[in-house]
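# Chains, contacts and geometry: an overview
Now for the letters of each chain:
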Amino acid sequence: MQSHPVKRVVSGALAAASVIAIVTAAQPAGTAAASPLPVLQAPPDSGSDALAKYRDLAAQAEKANEDLLKAKDDLAARQGDLDKANGDVANAHNLSAQAAENVKKYKVDVDKFANASFLSGVQMNKLSALLAGTSTQEFLDRSSALDQIAGQKAAALEKLQGAVDQANAAEKLAADAAQRATAARDAAAKLTDDITAKKKTLDDQIAELKKTEPLLSQSDRNAQKDTGGDISVDLANAGPAAAAAVQAALSQRGKPYVWGATGPDSYDCSGLMQWAYKQAGISLPRSSEQQSTTGTPVPRSQLQPGDLVFYYSPVSHVGMYIGNGMMVHAPTSGDVVKVSPLLSQYVGARRVA
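Source: prediction; values computed, not measured.

## Description of the UniProt feature "coiled-coil region" (unreviewed entry) in the protein chain
Within this numbering scheme, the UniProt entry marks residues 51-78 as carrying the feature "coiled-coil region" (unreviewed entry). Across residues 51-78, the secondary structure splits into 100% helix and 0% strand, with the terminal C-alpha atoms separated by 40 Å.

## A look at the side chain of aspartate 307
Its place among the elements puts aspartate 307 in the loop between β3 (296-297) and β4 (308-311). Taking relative accessible area as the criterion, aspartate 307 reaches 2% and is therefore assigned buried. For aspartate 307, the residues in contact, after removing those within four places along its chain, are Tyr277, Val298, Gln302, Gly319, Met320, Tyr321, Arg350 and Arg351.

## A few points about helix α7 (residues 269-279)
Counting buried positions over the 11 residues of α7 gives eight, a clear majority of the element. Looking at α7, one finds that the buried residues are Cys269, Ser270, Gly271, Leu272, Met273, Trp275, Ala276 and Tyr277. Looking one or two residues past α7, glycine 281 carries a phi angle of roughly 85°, positive in sign.

## Here's the deal with the environment of proline 214
With respect to the secondary-structure elements, proline 214 resides in the loop between α4 (136-212) and α5 (218-225). Note: C-alpha distance between proline 214 and alanine 50 (164 residues apart in sequence) is 9.3 Å.

## Looking at the environment of leucine 191
Relative to the helices and strands, leucine 191 is located in helix α4. Note on leucine 191: relative accessible area 14%, which makes it buried. Spatially, the C-alpha atoms of leucine 191 and alanine 76 are 9.6 Å apart, while their sequence positions differ by 115 residues. Once residues within four sequence positions are removed from consideration, leucine 191 is found in contact with Ala71, Asp74, Leu75 and Arg78.

## So, the pattern of salt bridges
Summed over all chains, the structure comprises 10 salt bridges. One salt bridge connects lysine 63 with aspartate 67, and the closest N-O pair in it is separated by 3.0 Å. Of this pair, lysine 63 and aspartate 67 both sit in helix α2 (residues 49-116), four residues apart, which is roughly one turn of that helix. Take aspartate 67: its relative accessible area is 22%, and that puts it in the partly exposed class. Where aspartate 335 meets lysine 338, a salt bridge forms, and the shortest distance between an N and an O atom there is 2.6 Å. Here aspartate 335 falls in the buried class, since its relative accessible area comes to 4%. For lysine 338, a relative accessible area of 7% translates into the label buried. Through salt bridges that share partners, Lys84, Asp88 and Arg180 make up one connected network.

## A word on the pairing of strand β6 (residues 326-329)
Covered by surrounding structure in β6 are Met326 and Val328 together with Met327 and His329, the residues of both alternating faces. Where strand β5 (residues 317-323) lies against β6, three bridges are found, and the strand directions are antiparallel. Bridge assignment links tyrosine 321 to a residue of β6, and that residue is methionine 327. In sequence, β5 turns back onto β6 through a hairpin of two residues, with asparagine 324 there showing a positive phi of about 55°. Looking at chain direction, β6 and strand β7 (residues 338-341) are connected through four bridges and run antiparallel. By the bridge assignment for β7, methionine 326 is matched with proline 341.

What counts and what doesn't
Residues numbered from 1 in each chain as written. Predicted model: local features only at pLDDT ≥ 70, side-chain atom pairs only at ≥ 80, totals over all residues. Heavy atoms only, no water. UniProt positions renumbered as here; feature names shortened; annotations may be inferred. Helix = DSSP H or I, 4+ residues; strand = E, 2+ residues; numbered from the N terminus. Buried < 20%, exposed > 50% of the residue type's maximum accessible area, 1.4 Å probe, protein only. Contact = heavy atoms within 4.5 Å. Salt bridge = Lys/Arg side-chain N within 4 Å of Asp/Glu carboxyl O. Pairing = 2+ DSSP bridges.

Written out as structure tokens, the structure reads:
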């Protein structure tokens, strides 16, 4: 009877650990042994060409699904940009209207001072105050009054200039915001068309996939439903959030893969990661490609339980590392959430907790 893939991997990991222990013991004191790389494995060979073809088509459909999810995320971001730009346009117009009112108000004050600077056809200044005054005190009084008027006039002119500057700045803000709104609207329209095309691609892939379902044997179907068997996970080195996410993901084993599903009854690959980390209080983006830019990159030699592991280039699949070269993931259509070895299509990992 063929041994279970998970048991083979665990046995291999134990054997490798024994070898590493011997090598480490033989090293001189103070010399650290390099961390072994988690083994990457090809998908298990079921011996069924039908299942192999099904999984290949399912992987293509999964990529189409992840592309669609990313496009939807991008559309949401562009819609957010559009909403902000429209809000900025409205605010800028309000500022412009207020600035225009201030210009009118301060212009009236300036005009008053301009008219008041002439009394009986004679321009009021300190020379005229001296000539018209009958005493030194009267001259001083008139000079003081003229200084006060001059100060008020200068203040009015300064306010008017400030209002004009504000009006010009508000008009520029409005123009810039309107330009951003137009760009965001155009980008959203393009993404909407893109989503329609990607949805058709996904639907076509699903239709092609369904054609192969009747060709699967009962053994093939059993392989799809296998959750990976009993496994012990050491979370001693994982942080609290990462440990909680691992436990959450493992608790979903056996639930079906469904395109676009985020739980709690079914999942796609990125939906499972998003749901598991949500239980740990951490928010992740929706698509595997966007998740591959979250957190910090981790070398394969330093993987810890809870790290997100990514596959294919561009990224179109994600799982969660649980130790000993194993991960928990929602593989693809027809499959269930399960524990599997890291796959040979591995392209990197990120630590988000």
